[in-house]
Amino acid sequence: AQSVAQPEDQVNVAEGNPLTVKCTYSVSGNPYLFWYVQYPNRGLQFLLKYITGDNLVKGSYGFEAEFNKSQTSFHLKKPSALVSDSALYFCAVRKNSGGYQKVTFGIGTKLQVIP
Amino acid sequence: EAGVAQSPRYKIIEKRQSVAFWCNPISGHATLYWYQQILGQGPKLLIQFQNNGVVDDSQLPKDRFSAERLKGVDSTLKIQPAKLEDSAVYLCASSLIPLSTDTQYFGPGTRLTVL
């Protein structure tokens, strides 16, 4: 069975400082990994994904994520946090299985950027 | 391009009542997904459609939940009868192709409260 762990319920970071939101996964075979952001009363917005190739993936709003196969991790990063980055962040793993997709989301990490 | 549309945005019902949610995916997107997001948890996939056919409904509580996607475009998710534990945000998403590598685009969700 595949799973996603987001070990931190909340991450606090000062504006202008680098931020990291952690994600580890468990899946057989090659994983397809995604990060989404959710603002209050909004749906999930796609940030970035790792399919194959370069381990460092760049996405929307200055975010990037590093795929580490040996550590089964896909941490989300940003060099300089903005107050507007405060939101709920979800990591997800997807895999093709028997003609359809198996999708698993983490429980989410609340990012609070302090002015 | 227009995003994924959902209605209503909010719904309050009493237990044992029925409720229906509507979703209109992005034009041309063949794959449509319904997710349940309970407060404090990540989204859980309920059902996946490819055009107007169901490809995965393994996590759909079929004794009370049903979904259809007539003509392969918009979709309706129904709960009958509702239970207290059905209180959640119901998210609809669509993607162009039914592959795990393809990006899903989410609607704003319908927040259901069951009293």
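Fair warning: this is a prediction, and the values are worked out from it, not measured in the lab. (Residues numbered from 1 in each chain as written. Chains lettered and ligands numbered in written order. Predicted model: local features only at pLDDT ≥ 70, side-chain atom pairs only at ≥ 80, totals over all residues. Heavy atoms only, no water.)

K.L.:
Explain the nonpolar core here, please?
P.N.:
As a rule of thumb, soluble globular proteins bury nonpolar side chains together. Membership of the largest hydrophobic core comes to 27 residues, with the highest contact counts inside it found for Trp 35, Leu 47, Leu 48, Phe 74, Leu 76 and Tyr 89 of chain A. At the level of secondary structure, the elements contributing two or more residues to this core comprise β2 (10-14), β3 (19-21), β5 (32-38), β6 (44-50), β8 (64-68), β9 (73-78), β10 (87-97) and β12 (109-114) of chain A. The element contributing the most residues to this core is β10 of chain A, with four residues. Among all residues touching Leu 47 of chain A, those that are not within four sequence positions of it are Trp 35, Tyr 36, Val 37, Gly 59, Ser 60, Tyr 61, Phe 63, Leu 76 and Tyr 89 of chain A. Val 4, Val 19, Phe 21 and Ile 47 of chain B belong to the second-largest nonpolar core, a separate cluster that totals 21 residues. (Core = buried A, V, L, I, M, F, W, Y, C linked by side-chain atoms within 4.5 Å. Buried < 20%, exposed > 50% of the residue type's maximum accessible area, 1.4 Å probe, protein only. Helix = DSSP H or I, 4+ residues; strand = E, 2+ residues; numbered from the N terminus. Contact = heavy atoms within 4.5 Å.)

K.L.:
Hey, could you run me through the state of the cysteines in this one?
P.N.:
Here a disulfide denotes a covalent bond joining the sulfur atom of one cysteine to the sulfur atom of another. Taken as a whole and judged by the stated rule, the model has two disulfides over all chains. The disulfide partner of Cys 23 of chain A is Cys 91 of chain A, and the gap between their sulfur atoms is 2.0 Å. Classification of the bridge connecting Cys 23 of chain A and Cys 91 of chain A rests on its S-S torsion, roughly -60°, and on that basis the disulfide is left-handed. Taken as a pair, Cys 23 of chain A in the loop between β3 and β4 (24-26) and Cys 91 of chain A in strand β10 lie far apart in primary sequence, 68 residues in all. Neither residue differs from the other here; Cys 23 of chain A and Cys 91 of chain A are each classed as buried. Between Cys 23 of chain B and Cys 92 of chain B runs a disulfide, and the two sulfur atoms are separated by 1.9 Å. (Disulfide = S-S within 2.5 Å.)

K.L.:
In this structure, what is going on with the sheet that holds strand β8 (residues 75-79) of chain B? I would like to understand it.
P.N.:
Adjacent strands of a sheet form backbone hydrogen bonds with each other and so pair up, either parallel or antiparallel. Residue and element names in this part refer to chain B. Read from one edge to the other, the open sheet built from four strands follows the order β1-β3-β8-β7, with strand pairing classed as antiparallel. Because the sheet does not close on itself, it has two edges, and the strands there are β1 (5-7) and β7 (65-68). Taken pair by pair, the neighbouring strands of this sheet meet at an average axis angle of 15°, ignoring direction. Examined bridge by bridge, β1 and strand β3 (residues 19-24) share three bridges and lie antiparallel to one another. Opposite Ser 7, over in β3, you have Trp 22 as the bridge partner. (Pairing = 2+ DSSP bridges. Axes fitted to C-alpha atoms, helices over the stretch in contact; angles between N-to-C directions.)

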